Amino acid sequence: MKQFDKVLVVANPISGLGKAGRWLDWVVRKLRRSAKRVEVMRTGQAGDGHAAASELRTGANLIVSFGGDGTFNEVLNGADLELCTLAVIPAGAGNVLGFELGMSTYPQKAVRQILEGREERFDLAICNGRRFVSMFGAGLDARAVELAHEKRRGFMTHMHYALPILRGTIECAGYGIKVRLDGRPLGSGLGQVVVGNTHSYGGRIELTPAASPQDGLLDVMCVKAEFARMFGGFPHTMFRTVHNWRGITYARGRRVEIQATASEVPFELDGEAAGHLPAVVEILPRAVRLRAPRTFCPIQRCPPVQEP
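Rules used throughout
Going along each chain's sequence as written, the residues are numbered from 1 onward. Residues qualify for local features only when their pLDDT is at least 70, as the model is predicted, and side-chain atom pairs are given and counted only at 80 or more; totals for whole chains, interfaces and linings, by contrast, use all residues. Hydrogens are left out, water is left out, and the side-chain values use all remaining heavy atoms of the structure. In this text, helices come from DSSP runs of H or I with a minimum length of four residues, and strands from runs of E with a minimum of two, each type numbered from the N-terminal end. Given the number of residues in a helix, its expected span is that number minus one, multiplied by 1.5 Å. Here the bend at a residue means the angle between the axes of two seven-residue stretches, the one that ends at it and the one that starts at it. Throughout, exposure labels follow a simple rule: accessible area from a 1.4 Å probe, protein chains only, divided by the maximum for the residue type, with under 20% read as buried, over 50% as exposed, and the rest as partly exposed. Throughout, a contact is declared for two residues whenever any of their heavy atoms are within 4.5 Å. What is meant by a nonpolar core is a set of buried Ala, Val, Leu, Ile, Met, Phe, Trp, Tyr and Cys residues, joined one to another through side-chain atoms within 4.5 Å. Helix axes are fitted to C-alpha atoms over the stretch in contact, other axes to C-alpha atoms as well, and angles between N-to-C directions run from 0 to 180 degrees. By the definition adopted for this analysis, an angle is roughly parallel if under 35 degrees, roughly antiparallel if over 145, roughly perpendicular if from 65 to 115, and oblique otherwise. The crossing is said to be left-handed when, going from far helix to near helix, the turn is anticlockwise and less than a right angle, and right-handed when the turn is clockwise. Lys, Arg, Asp and Glu make up the charged group, whereas Ala, Val, Leu, Ile, Met, Phe, Trp, Tyr, Cys and Pro make up the nonpolar group; the residues left over, Gly among them, are polar.

Visitor: An account of helix α1 (residues 19-31) is requested, with residue identities and associated values reported.
Guide: Over its 13 residues, α1 extends 17 Å from the first C-alpha to the last, a length consistent with the 18 Å expected when each residue adds 1.5 Å. The largest bend along α1 reaches roughly 40° and is located at Asp25. Every buried residue belonging to α1 is among Ala20, Leu24, Val27, Val28 and Leu31, and all of these are buried. The inward-facing, buried residues of α1 contact β1 (4-11), β2 (35-42), β3 (61-67), β4 (84-90) and α5 (107-116).

Shown next as structure tokens:
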């Protein structure tokens with residue numbers, strides 16, 4: 001079992017349905033059996049996780065994100081990736097990274113997976129200077145995220161996104177998003193773009209099903225505005241079966257440039273509202289150290305369509 005000099009637990013008490021708040025004390029007691037020192041940060045507002053991670057600078061360090069993908073994204077952006085190993089105990093609504101790693105959603109098992117597991121190197125994506133490991137979305141889904149988080153007053157579930165998705169579906173026709181991949185035009189007149197470093201978009205929802213966080217590539221799914229309007233209100237799981245349809249383009253590369261003709265077209269990173277277009281996304285191969293279960297095996301699939 002791995003021993004650590006210092007462990008920092010960054011917990012978001014309101015992630016998902018409050019799982020982190022209920023299980024935090026138990027998780028800390030278990031971690032103290034394998035660490036010389038354990039510190040805890042309960043986040044109360046945006047930026048708390050980033051600040052806590054940025055202060056951890058010395059020793060053989062482990063930072064455990066106990067919350068949703070947004071909590072992990074703050075930790076990722078605050079941490080010194082040369083010194084720190086990161087881990088996640090999934091407790092949010094989507095749990096994209098946790099699903100990719102094969103982490104249990106039961107905190108008791110997730111702690112064992114961290115302590116008994118192994119270190120894996122994941123690719124690191126950078127968007128306009130901000131790090132992420134899972135996905136970038138611009139257009140319809142980002143607008144839904146923006147609307148849902150504007151009205152957030154506490155716990156979040158998938159149901160909180162239902163009405164925002166419908167509103168985003170109506171608005172996306174006028175976005176005029178265009179994409180260049182590795183310097184070549186990939187798509188224009190788009191209502192939705194997803195850049196995936198992981199195959200999962202949210203739990204079992206997959207919009208970039210061939211993506212791997214260890215191949216040094218970004219997978220890009222572009223959806224024409226009329227296609228996004230037609231199907232945007234339906235579960236996103238359908239996209240996995242229609243990547244060959246005329247309204248969708250799927251490709252892979254290392255640098256993605258996303259612009260829009262409309263003003264203030266939003267984008268999101270790891271499920272969190274992150275700004276407005278334009279955006280540039282690039283990949284740094286194997287730049288993040290993560291604790292993964294011993295059984296971890298990255299999913300390898302062929303792209304659903306040929307790359308242009």
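Visitor: Lay out the nonpolar core in plain terms, naming residues and giving numbers.
Guide: Core analysis: the biggest nonpolar cluster contains 45 residues, and Ile63 and Leu86 have the highest contact counts within it. Counting residues per element, this core draws most heavily on β1, which supplies six residues. Residues contacting Ile63, with those up to four places away along its chain left out, are Leu8, Val10, Ala53, Leu56, Val75, Ala79, Cys84, Thr85, Leu86 and Ala87.

Visitor: Please set out the packing of α1 against α5 residue by residue, giving values where relevant.
Guide: Between α1 and α5, whose axes approach to 10 Å, the crossing angle comes to 40°. Classified by the angle between their axes, α1 and α5 sit oblique to one another. The way α1 lies across α5 gives a crossing that is right-handed. Note on element contacts: α5 touches α1 through Pro107, Gln108, Val111 and Leu115, opposite Lys19, Trp23, Trp26, Val27, Lys30 and Leu31. Across the contact of α1 with α5, the residue classes tally to seven nonpolar, one polar and two charged.

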